[in-house]
Amino acid sequence: MSCDFLSLARPGVQKLSPYVPGKPVEELAREFGLQAQDIVKLASNENPMGPSPAVKAAIAAALPELTRYPDGNGFALKQALAERLGVATDSITLGNGSNDILELVTRAFVGPEHEVIFSDHAFAVYPIVTQAVGAKAVSVPAKNWGHDLVAMAAAITESTRLIFIANPNNPTGTWIERAELEVFLAKVPERVIVVLDEAYTEYVETDDVPNGMDYLAQYPNLLVSRTFSKAYGLAAIRVGYGVSCAAIADALNRVRQPFNVNALALAAALAALQDEAYLIESRRLNRAGMQQLEDGCAAQGLSWIPSRGNFLAIDLGREAAPIFQALLREGVIVRPVANYGMPNHLRVTVGLPEENQRFLDALKRVMLRG
Ligand SMILES: *Cc1c(COP(=O)(O)O)cnc(C)c1O
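First, a word on scope: everything that follows refers to the structure included in this document. Bear in mind the structure is a predicted one, so any value in this text is a computation, not a measurement.

### So, the environment of Asp 197
Logical step 1: The topology assignment puts Asp 197 in strand β6 (residues 193-197).
Logical step 2: Along the sequence, Asp 197 and Thr 227 sit 30 residues apart, while their C-alpha atoms lie 9.2 Å from each other.
Logical step 3: Separated by 3.2 Å, the side chain of Asp 197 and the backbone nitrogen of Ala 199 make a polar contact.

In structure tokens:
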């Protein structure tokens, strides 16, 4: 092969680092000769409960129609979401995961002449979608690991077209309070679109964290994205959504793939939305597991970043990469976050009580060892 195809890729793409996902269980099993059932994965903020039986039944019921294209407009799911959220159906955009929404809004509105603002230590997809369209990524220093909305507003220039905010943020777990968000939104010019990524909003149980839906009527430049991947337990099936003014939704609808959400995903999401008990149990399990992780860390003299998500960024007080590797050998997969500018932290997803304990015990062993 003589052609250097990467050199043909657009400059933003050449400079991209691919997204690094949590290590799959099967991969670790292969590499270390472990049994898959002996491995604990707390690396991707997945719901440890497994899928709801109602969702599995809905997927099974949709199987006979696999030869048909799905409903490209997702009528039934949009209807149910609109009712639940108290918004109009034409304000909803469905996505192949909420990552799809983040990419659609960027492709629809951002070009090489634009700047996109996000925070240091924010979700890795923001720089990826920004660079993919050739725009300038503006990463603003964080404050106590969280978004500094004052500094982010100050970073707005004539060229700014989009701002990403994750609330709560991944991988830090930090959150923005209502008053902060309100002051910020009031400062952003209308020509700048604000994407409020609420992937973990269903886990939030305190009322200091704002609900993005409350601001849509006042701010037509706001897009709120949410997902079925986390608290609803459907990471594998890929479905999320955006809520915005109808004009922004219309623009997203023009650039999306005609069938971006598949038929099984539509059926699964609809069933998940109706399974209130599953969500309640997800929250209960998360609350208890978060406490267990915090208590376990405190007992080991470790500190962490307080989190409103379903994960905890733990400060090991030293380079985390070797500890991550040692945990792998113990059959425990967590997430190193050095690529987020956090070389001393490990991000651990709240799991089932026995999974959390496996992690805490393994962490204690490997920290003592070296
Ligand atoms: C997990 C996550 C998402 C959701 O990704 P999906 O594509 O919906 O699975 C979005 N934003 C943040 C901050 C996340 O952590």
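Right, picking up where we left off after that structure.
### Structural notes on the site of the ligand
Logical step 1: All residues adjacent to the ligand are Gly 97, Ser 98, Asn 99, Phe 123, Asn 170, Asp 197, Ala 199, Tyr 200, Thr 227, Ser 229, Lys 230 and Arg 238.
Logical step 2: Contact between the ligand and Tyr 200: an oxygen atom at 2.6 Å from a side-chain N or O atom of the residue.
Logical step 3: Between Arg 238 and the ligand, the recorded distance is 2.6 Å, taken from a side-chain N or O atom to an oxygen atom.
Logical step 4: For the ligand, the accessible surface in isolation is 380 Å², of which the surrounding protein chains cover 94%.
Logical step 5: In the shell around the ligand, the residues fall into three nonpolar, six polar and three charged.

### Thoughts on the nonpolar core
Logical step 1: In this structure, Leu 81, Ile 163, Ile 165, Phe 184, Leu 222 and Phe 228 are the most contacted members of the largest nonpolar core, which totals 55 residues.
Logical step 2: Per element, the largest residue contribution to this core is eight residues, and it comes from helix α11 (residues 263-274).
Logical step 3: Of all hydrophobic cores here, the second largest spans 32 residues; its members include Leu 42, Val 348, Val 350 and Leu 360.

### Observations concerning the sheet that holds strand β7 (residues 222-227)
Backbone-to-backbone hydrogen bonds join strands into a sheet, with any given pair of strands oriented parallel or antiparallel.
Logical step 1: Reading across the sheet, the seven strands line up as β2-β8-β7-β6-β5-β3-β4 and stay open at both edges, with mixed pairing between neighbours. Of all strands in the sheet, those bounded by a partner on one side alone are β2 (92-95) and β4 (136-140). For this sheet the average axis-to-axis angle between neighbouring strands, irrespective of direction, equals 20°.
Logical step 2: Two elements, strand β3 (residues 115-119) and β4, share five bridges in a ladder whose sense is parallel. Looking at the pairing, Glu 115 lines up with Lys 136 of β4.
Logical step 3: Contacting β2, β7 and β8 (240-243), helix α5 (residues 75-85) crosses the sheet at an angle of about 125° to β2.
Logical step 4: Against the sheet, helix α9 (residues 178-187) contacts β5 (160-166), β6 and β7, and its axis sits at roughly 160° relative to β6.

Reading guide: rules and limits
- Residues numbered from 1 in each chain as written.
- Predicted model: local features only at pLDDT ≥ 70, side-chain atom pairs only at ≥ 80, totals over all residues.
- Heavy atoms only, no water.
- Helix = DSSP H or I, 4+ residues; strand = E, 2+ residues; numbered from the N terminus.
- Polar contact = N/O pair within 3.5 Å; in protein donor to acceptor, adjacent residues only side chain to side chain.
- Near = heavy atom within 4 Å.
- Areas by Shrake-Rupley, 256 points an atom, 1.4 Å probe, with all protein chains shown as cover.
- Nonpolar A, V, L, I, M, F, W, Y, C, P; charged D, E, K, R; others polar.
- Core = buried A, V, L, I, M, F, W, Y, C linked by side-chain atoms within 4.5 Å.
- Buried < 20%, exposed > 50% of the residue type's maximum accessible area, 1.4 Å probe, protein only.
- Pairing = 2+ DSSP bridges.
- Axes fitted to C-alpha atoms, helices over the stretch in contact; angles between N-to-C directions.
- Contact = heavy atoms within 4.5 Å.

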